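The primary structure of each chain is shown beneath.
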Amino acid sequence: MTMRKVAVIGAGMTKFVRRAQETPKELSWLATRMALESCELTLDDIEAVCMGTAPDSFDGIHMKGEYLSDGAGAWRKPYMRSYVGGGTGVFVPIQGWYHVASGMFDVVLVVAEEKMSNFYPHAQAAFLTIFDHTTERPLGPNLLWIFALEMNRYMTTYGISKEDIARVSVQHKRNAANHPCALLGDPDITVEDVLNSEVLAYPVQRYDVSPVSDGAVAIVLAAEHVAKRLTDKPVWVEGVGWNLDTAHWTNRDLVYPRYVEYAARMAYDMAGIKEPKKEIHIAEPYDPFDYKALHHLEGLQLAERGQAPQLYIDGTAARDGNMPVCPSGGLLGVGNPIAAAGLMKIAELFWQLRGEAGDRQVPGQPRRGIAQAWGDLMQVGTVVIMGR
Amino acid sequence: MTENIRSFPGTPLSEQDFEEGKILFNYDELNGKFSWDTGIAIGSYLAGLKNGVILGSRCSTCRKTVVPPRTVCEWCFRPMQEYVPLHDTGTVNTFSLCYVTWDMKRLTDPQIPAVIEIDGASPLHGIMHLLKEVDPQKVHIGMRVKAVWKSAEERTGAITDIQYFKPVKEV
Ligand SMILES: [Zn+2]
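This write-up is about the structure you can find in this document. From a predicted model like this one, the values you see are computed outputs, not experimental measurements. (Residues numbered from 1 in each chain as written. Chains lettered and ligands numbered in written order. Predicted model: local features only at pLDDT ≥ 70, side-chain atom pairs only at ≥ 80, totals over all residues. Heavy atoms only, no water.)

**Some points on the overall build of chain B**
So, point 1. When you go through chain B residue by residue, the secondary structure sums to two helices and ten strands.
So, point 2. Ordering the α and β elements of chain B from the N terminus gives α-α-β-β-β-β-β-β-β-β-β-β.
So, point 3. On C-alpha atoms alone, chain B measures out to a radius of gyration of 23 Å, which is more than a quarter above the 16 Å that the 2.2 N^0.38 rule sets for 171 residues.
So, point 4. Counting only C-alpha atoms, chain B reaches 65 × 40 × 40 Å along its principal axes.
So, point 5. Split by element, the accessible area of chain B, about 10,000 Å² in all, is 52% carbon and sulfur. (Helix = DSSP H or I, 4+ residues; strand = E, 2+ residues; numbered from the N terminus. Rg over C-alpha atoms; globule rule 2.2 N^0.38 Å. Areas by Shrake-Rupley, 256 points an atom, 1.4 Å probe, with all protein chains shown as cover.)

Printed below as a string of structure tokens:
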């Protein structure tokens, strides 16, 4: 199968905020306009639009893809919304990628939007329906349970301390202090702050968790011949992968995200990467909770099982380390408007690899980065590798 | 970022904006009511619970016993027709001490959700349930637990026919 080379040529995003005045459509339009302007295109140049957004229940709007379509510039164009839970933000650029790689389209717009503040009084309730209606929901679960259960299994199996995990939250929130769109950037936060924060569902504490947020992100993808005409700094999509594990989440070991491994191996094969630890220069693993970044680094083969905390202890994961992790500030720092948060990681790699990340710029002219998202009932992994 | 861009769009609102009436909004409650069929496999599972038995299903090709039961083996995609009674004891695979409800109300005494590997099912195959009659500080992964059932008259064929799991006194 021959596939065409695909580049990211533009990106835009809104601030990530606790509650935005703008509607979901308006947020989508703001990010989309910025992405188009960044590569000096207009909507007339866009041949198809891919939209990523979370369940309709978040907004209380049925057929949210259709609702958002004008804000995403989709009218009278081939348009489709994709949704794979929290994995959506890194899946929707994959959808855009195969639109272009296949030869169907030369220039495609990819938009991801989430407005979680619509849900009243708290978006947590919107997540309750992920539990099985007959065998689980009568027990009165809440979303924190599954994270707490998985985190405890991970910590206990490998003897990882809460302190080791808190370092992730600290580093990401500190990194986010340099992101102009961040909701929870804090240059002064310490491990003690995390360990002293309210216990929500042991082992999960308040500062282990990313904030619910509103926001939108958009990128523009182009085929090689178009990308080279429009920019001298295209960032290539070198590999993509996605994978799904069983929804019977109590019937598999939560200690390791095998579906992330499978998604990563698919992407590494496509990118011709044999030694991920050496060949990946920036990692943006999905970090809705601090332990998840560690869990995912292991699934991505960027750390041995149970060893990911070491990357934060020895400085490898720092912005000036050998393999910076979440230089953006991640979901823990920038914010977690579900689908937009995943696409934010793609935008971050785009800016970092072009050397345009401003105060967040990773030194040493990084050549290649990986972004990953995760979702559904802790069962889906989506991975994109980008390089220049 | 694209270094020439200094300002990013988006207008954050604060609680104060709402309290001071600066923001107009529309409040509504969407009232959804559902009735879910149990299906074949979970129907059998619930009937088992009504009789005080935890049922699993077995794939003789994969030699796996899963719980709750299902009609198809997700590994080999063959039908799973053999339902097998499991024990009502098991091992805590993982747990949490949860101090908040789904709507973020605070709890003084934590709820203790756990994944419990059920004896008789394949290794690492469990169900989610609650632990009680235990000091929260003494719960640990690997702890042996047993189901506490409602009385036969009270059981309705629901996961809550098991009230909770409690520690088995280790002899
Ligand atoms: Zn089978």
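There is more to say, and it comes next.
**Structural notes on the interface of chain A and chain B**
So, point 1. Facing 57 residues of chain A, the contacting portion of chain B comprises 50 residues.
So, point 2. A buried area of about 4,800 Å², summed over both sides, lies between chain A and chain B, and 66% of it is on carbon and sulfur atoms.
So, point 3. The largest per-residue losses of area from chain A upon contact with chain B belong to L139, W145 and N251 of chain A, which jointly make up 14% of the total buried on that side.
So, point 4. Joining chain A to chain B, the criterion identifies one salt bridge.
So, point 5. Note that R106 of chain B and E198 of chain A form a salt bridge whose closest N and O atoms lie 2.7 Å from each other.
So, point 6. Across the chain A-chain B interface, the total number found is 21 residue pairs in polar contact (both at pLDDT 80 or more).
So, point 7. Every element with two or more residues in the side of chain A that touches chain B is listed here: α1 (24-38), α5 (143-158) and β5 (199-202) of chain A.
So, point 8. Ranked by residue count, the leading element in the side of chain A that touches chain B is α5 of chain A, at seven residues.
So, point 9. Grouping the amino acids of the side of chain A that touches chain B by side-chain chemistry returns 26 nonpolar, 19 polar and twelve charged. (Contact = heavy atoms within 4.5 Å. Buried area = accessible area lost by both parts, 1.4 Å probe. Salt bridge = Lys/Arg side-chain N within 4 Å of Asp/Glu carboxyl O. Polar contact = N/O pair within 3.5 Å; in protein donor to acceptor, adjacent residues only side chain to side chain. Nonpolar A, V, L, I, M, F, W, Y, C, P; charged D, E, K, R; others polar.)

**A look at unusual backbone geometry**
So, point 1. Geometrically, the link from Y202 of chain A to P203 of chain A is a cis peptide bond, its omega value of 5 degrees lying close to zero.
So, point 2. Residue placement: P203 of chain A occurs in the loop between β5 and β6 (204-205).
So, point 3. Cis geometry is adopted by the peptide bond preceding P68 of chain B, which originates at V67 of chain B and carries an omega value of -5 degrees.
So, point 4. On the secondary structure map, P68 of chain B appears in the loop between β2 (64-66) and β3 (82-86).
So, point 5. One non-glycine residue, D376 of chain A, adopts positive backbone phi at about 55 degrees.
So, point 6. Residue position: D376 of chain A is located in the loop between β10 (368-375) and β11 (380-387).
So, point 7. Overall, D376 of chain A belongs to the partly exposed group, its relative accessible area being 31%.
So, point 8. Phi is positive for E133 of chain B, which is not a glycine, with a value near 55 degrees.
So, point 9. Locating E133 of chain B in the fold gives a position in the loop between β8 (126-130) and β9 (144-149). (Buried < 20%, exposed > 50% of the residue type's maximum accessible area, 1.4 Å probe, protein only.)

**Section: the sheet that holds strand β6 (residues 106-111) of chain B**
So, point 1. Read from one edge of the open sheet, four strands run β6(A)-β5(A)-β5(B)-β6(B), paired in antiparallel fashion. Strands at the two margins of the open sheet, each flanked by one partner only, are β6 of chain A together with β6 of chain B.
So, point 2. Note: β5 of chain A against β6 of chain A, two bridges, orientation antiparallel. For V199 of chain A, the partnering residue across the bridge sits in β6 of chain A and is Q205 of chain A.
So, point 3. Its contacts with the sheet place α5 of chain A against β5 and β6 of chain A together with β5 (97-100) and β6 of chain B, and it is angled at close to 60 degrees to β5 of chain A. (Pairing = 2+ DSSP bridges. Axes fitted to C-alpha atoms, helices over the stretch in contact; angles between N-to-C directions.)

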